[in-house]
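Breakdown of the fold
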Amino acid sequence: TQDTQLAKLSYELAPGHKLFPSYQSLDDEGIRYLRPHMPGIANGPATPQKLEQQTITAGYRFAGGNGLPEAELSFFTDEMTNMRTNTTAVFGKPIGYSYGERIDAAGVNLTLNSKLGAARVRYGLNHHRRDLEAINPSKKGVNGNTGEERSDVTGLFAEGSLPLGSMFLLGLGGRYDWY
């Protein structure tokens with residue numbers, strides 16, 4: 001069974017200034033193979049699985065003007081939990097053993113757009129963080145395994161486009177990430 005919900009709003013504070021919050025949730029429950037994307041590889045028996053995900057986004061958009069570039073600033077948070085329960089003893093886990101993972105992600109994105117003559121330049125930065133946790137891992141503590149991971153990435157980017165006549169557009173861009 002699947003249940004999804006989506007709500008989006010857009011509110012114009014003043015001419016050229018918009019707020020846009022959104023909320024999305026997904027609940028997906030069913031009996032599936034552990035690795036359906038790997039045909040031909042033994043996946044074990046079909047297993048009851050339950051996925052729950054909630055995403056909240058909020059942003060602000062400025063249309064630019066008076067020498068200022070167009071700008072968009074957005075924030076997001078995403079929480080996902082995926083659980084599985086064994087119906088047979090498999091991979092060293094007994095019948096009824098429930099396990100899975102929880103992933104919490106959050107981030108901020110800032111994008112600016114400027115026009116320089118006929119060229120358009122898009123540039124900005126973003127930062128995303130992900131916290132991952134194994135739920136009921138069978139090998140926690142083995143070889144220093146904590147069952148938890150954290151990922152942070154900050155990126156700086158710029159890209160531009162320049163019309164070459166009426167039929168062609170030259171694009172060039174670059175990005176640098178700190179992990």
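First, a word on what this report is: a plain description of the structure on this page.

1. As for the environment of Gly141
- Here Gly141 lies in the loop between strand 8 (119–135) and strand 9 (148–164).
- Judged by relative accessible area, Gly141 falls into the exposed class, the value being 55%.
- Linking Gly141 and Ala89, residues 52 residues apart in sequence, is a C-alpha distance of 22 Å.

2. Observations regarding the packing of aromatic side chains
- Tallied over the entire structure, the rule returns two aromatic pairs.
- With a centroid separation of 5.7 Å and an interplanar angle of 35°, the aromatic rings of Tyr97 and Tyr99 are classed as tilted. Here Tyr97 matches Tyr99 in class, with each residue buried.
- Aromatic side chains Tyr176 and Trp178 sit 4.8 Å apart centroid to centroid with 75° between the ring planes, which places their arrangement in the edge-to-face category.
- Look at Trp178 and you get partly exposed, because its relative accessible area is 43%.
- The ring of Phe20 is capped by Arg61, whose NZ or CZ atom sits 4.4 Å from the centre of that ring.

3. Regarding the pattern of salt bridges
- Enumeration according to the criterion identifies eleven salt bridges in this entry.
- With its nearest N and O atoms 2.8 Å apart, the salt bridge here joins Glu72 to Arg61. One end of the pair, Glu72, is in strand 6 (residues 70–85); the other, Arg61, is in strand 5 (residues 47–62), and eleven residues separate them in sequence.
- Looking at Arg61, the relative accessible area reads 35%, which means it is partly exposed.
- The residue Arg129 makes a salt bridge to Asp152 at a minimum N-O spacing of 3.9 Å. Placement of Arg129 in strand 8 and of Asp152 in strand 9 is noted, with a sequence separation of 23 residues between them.
- Within this structure, Arg129, Asp131, Arg150 and Asp152 form a network of salt bridges that share partners.

Cut-offs and rules
Residues numbered from 1 in each chain as written. Predicted model: local features only at pLDDT ≥ 70, side-chain atom pairs only at ≥ 80, totals over all residues. Heavy atoms only, no water. Helix = DSSP H or I, 4+ residues; strand = E, 2+ residues; numbered from the N terminus. Buried < 20%, exposed > 50% of the residue type's maximum accessible area, 1.4 Å probe, protein only. Phe/Tyr/Trp six-rings, centres within 6.5 Å; stacked < 30°, edge-to-face > 60°. Lys NZ or Arg CZ within 6 Å of the ring centre and 35° of its normal. Salt bridge = Lys/Arg side-chain N within 4 Å of Asp/Glu carboxyl O.

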